Amino acid sequence: MDLMQLLSWACIVFTVGMFSTGLTDLKKMRETKSADNIQFLPFLFTCLNNLGWLYYGLLKKDQTIVFVNVIGALLQILYIIVYLHYTTQKRLVTSQTVAAGTVLACGWFYFTTFLPEGDSQLSQLGLTCSVITVSMYLSPLTDLVGIVRSGDVQRLSFPLTVATFFTSTSWVLYGLQLHDQYIWVPNTPGIFTSLIRLYLFWRFAAVKQSSPAYRSM
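Rules behind the numbers
- Each chain has its residues counted from 1, running along the sequence as written.
- Per-residue local features of the predicted model are confined to residues with pLDDT of at least 70, and side-chain atom pairs are confined, for both listing and counting, to 80 or more; whole-chain, interface and lining totals are unaffected and use all residues.
- Based on all heavy atoms of the structure, the side-chain values leave hydrogens and waters out of the count.
- Here a strand is any run of E in DSSP of at least two residues, a helix any run of H or I of at least four, and the numbering for each starts at the N terminus.
- The span one expects for a helix is its residue count, reduced by one, times 1.5 Å.
- Residue burial is assigned from relative accessible area. The probe radius is 1.4 Å, only protein chains are included, and a residue is buried under 20% of its type maximum, exposed over 50%, and partly exposed in between.
- UniProt positions are given in the numbering used here, feature names are shortened, and annotations may be inferred rather than shown by experiment.
- Pairs of N or O atoms are called polar contacts if they sit within 3.5 Å, as long as, within protein, a hydrogen donor faces a hydrogen acceptor (for residues adjacent in sequence, only side-chain-to-side-chain pairs).
- Here, two residues are considered to be in contact whenever any of their heavy atoms come within 4.5 Å of each other.
- Orientation is described by lines fitted to C-alpha atoms, with helices fitted over the stretch in contact, and by angles between N-to-C directions that extend from 0 to 180 degrees.
- Roughly parallel refers to an angle under 35 degrees, roughly antiparallel to one over 145, roughly perpendicular to one between 65 and 115, and oblique to any angle outside these ranges.
- Under the grouping applied here, Gly and all other residues not named as nonpolar or charged are polar, the nonpolar ones being Ala, Val, Leu, Ile, Met, Phe, Trp, Tyr, Cys and Pro and the charged ones Asp, Glu, Lys and Arg.
- Here, nonpolar core refers to any group of buried Ala, Val, Leu, Ile, Met, Phe, Trp, Tyr and Cys residues whose side-chain atoms link them within 4.5 Å.
- By definition, any crossing whose near helix is turned counterclockwise from its far helix by less than a right angle is left-handed, and any crossing with a clockwise turn is right-handed.
- Patches here are clusters of residues that have more than 30% relative accessible area and form no salt bridge, with a 9 Å joining cutoff for like charges and a 5 Å cutoff for nonpolar side chains (Val, Leu, Ile, Met, Phe, Trp, Tyr).
- Reported accessibility uses the Shrake-Rupley method at a 1.4 Å probe radius. Residues are deemed covered only where the shown protein chains occlude them.
- Salt bridges are defined by distance alone: a side-chain nitrogen of Lys or Arg within 4 Å of a carboxyl oxygen of Asp or Glu.

A. Structural view of helix α8 (residues 158–178). Across its 21 residues, α8 extends 30 Å between first and last C-alpha, which sits within 8% of the 30 Å expected from 1.5 Å per residue. For α8, the complete set of buried residues consists of Thr161, Ala163, Thr164, Thr167, Ser168, Ser170, Trp171, Val172, Tyr174 and Gly175.

B. View of the UniProt feature "transmembrane region" (unreviewed entry) in the protein. UniProt's feature table lists "transmembrane region" (unreviewed entry) at residues 6–26, 38–58, 64–86, 98–116, 122–144, 156–176 and 182–202, given in the numbering used throughout. The annotated region residues 98–116 carries 84% helix and 0% strand content, and the separation between its end C-alpha atoms amounts to 28 Å. Spanning residues 156–176, this segment combines 90% helix with 0% strand, and its end C-alpha atoms are found 30 Å apart.

C. Local environment of the side chain of Thr46. Relative to the helices and strands, Thr46 resides in helix α3 (residues 41–60). At 2.6 Å, the side chain of Thr46 forms a polar contact with the backbone oxygen of Pro42. If we ignore the near neighbours within four places in the chain, the residues touching Thr46 are Phe19, Gln76 and Met136.

D. Up close: the packing of helix α1 (residues 3–20) against helix α4 (residues 63–86). Packing of α1 against α4 brings their axes to within 10 Å, and their N-to-C directions diverge by 5 degrees. Comparing the axis directions of α1 and α4 gives the class roughly parallel. For the pair α1 and α4, contact is made by Ser8, Cys11, Ile12, Thr15, Val16, Phe19 and Ser20 and by Thr64, Phe67, Val68, Ile71, Gly72, Leu75, Gln76 and Tyr79, respectively. Residue composition of the contact of α1 with α4, by class: 9 nonpolar, 6 polar and no charged.

E. Main features of the environment of Met18. Relative to the helices and strands, Met18 is located in helix α1. Its relative accessible area of 14% is what places Met18 among the buried residues. In the structure, Met18 is positioned 159 residues away from Gln177 in sequence and 22 Å away in space, judged by C-alpha atoms. Among residues more than four places away in sequence, those in contact with Met18 are Leu160, Ala163, Thr164 and Thr167.

F. Local environment of the nonpolar core. One finds Met29, Tyr56, Tyr83 and Trp171 to be the most contacted residues of the largest nonpolar core, which totals 36 residues. Contributing elements (two or more residues each) for this core: α1, α2 (23–32), α3, α4, α5 (90–113), α6 (119–138), α8 and α9 (181–210). With 8 residues, α4 is the largest single contributor of residues to this core. Setting aside residues no more than four positions away along its own chain, Tyr56 makes contact with Ile65, Leu122, Leu125, Gly126, Asp180, Tyr182 and Ile183. Counting 6 residues, the second-largest nonpolar core is a separate cluster that includes Leu144, Leu156, Leu200 and Phe201.

G. Examining the environment of Gly175 more closely. By secondary structure assignment, the location of Gly175 is in helix α8. Sequence separation between Gly175 and Leu7 is 168 residues; the distance between their C-alpha atoms is 9.6 Å.

H. Region of the structure containing the packing of α3 against α6. Two numbers describe how α3 lies on α6: the axes approach to 10 Å, and their chain directions differ by 150 degrees. When the axes of α3 and α6 are compared, the pair comes out roughly antiparallel. For the crossing formed where α3 meets α6, the hand is left-handed. Across the interface between the two elements, Phe45, Thr46, Asn49, Gly52, Trp53, Tyr55, Tyr56, Leu59 and Lys60 from α3 touch Gln121, Leu122, Leu125, Gly126, Cys129, Ser130, Ile132, Thr133 and Met136 from α6.

I. Representation of a nonpolar patch on the surface in the model. Judged by side-chain polarity, Trp9, Val13, Phe14 and Phe166 come together as a nonpolar surface patch covering roughly 400 Å² of accessible area. With 3 residues, the top contributor of residues to the nonpolar patch is α1.

Now the structure itself:
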């Protein structure tokens, strides 16, 4: 097995593992028969991101990108369907889903109608997907500020943080091997945000363990 095959399998395993962390939310919704305290928009944005990268992979004829994002899109669609079933805000969630579908359809129409096939189409699609991916990686930074202030890391998922770190790292290495900046550049922030989260786990977990287990009288 050469280096590219190894990196390809690493991307597949770690990315599918990262997408599968949503199964815990799915299980929680089915057990409680409720979608309370579970955010919907991450499922929706991740699905759009998967479909964008799926199109990029098809144009680039990259089986690794195609396979990973087919699995990711199917999982996100499953999460969305289950969320729609259990949420009490069906009108809001449905309107958000329709709006996302409209944006997706308009984007597909633009890329297939107004852009000539070839490098121009591939580069603009890669740039669009990269911007969306970077935004998704950087969006939790506002939550991290609140965690630093409160010292409470319960809102962070340790398995998701580890999965994101290895996923981002594998895609960066894969993109560097392909000399594809649209793959390695947008995944670089994922490494840094994951390291910040791991540091917060280490710092505040250590503080929690060192604090006394009794209350002063």
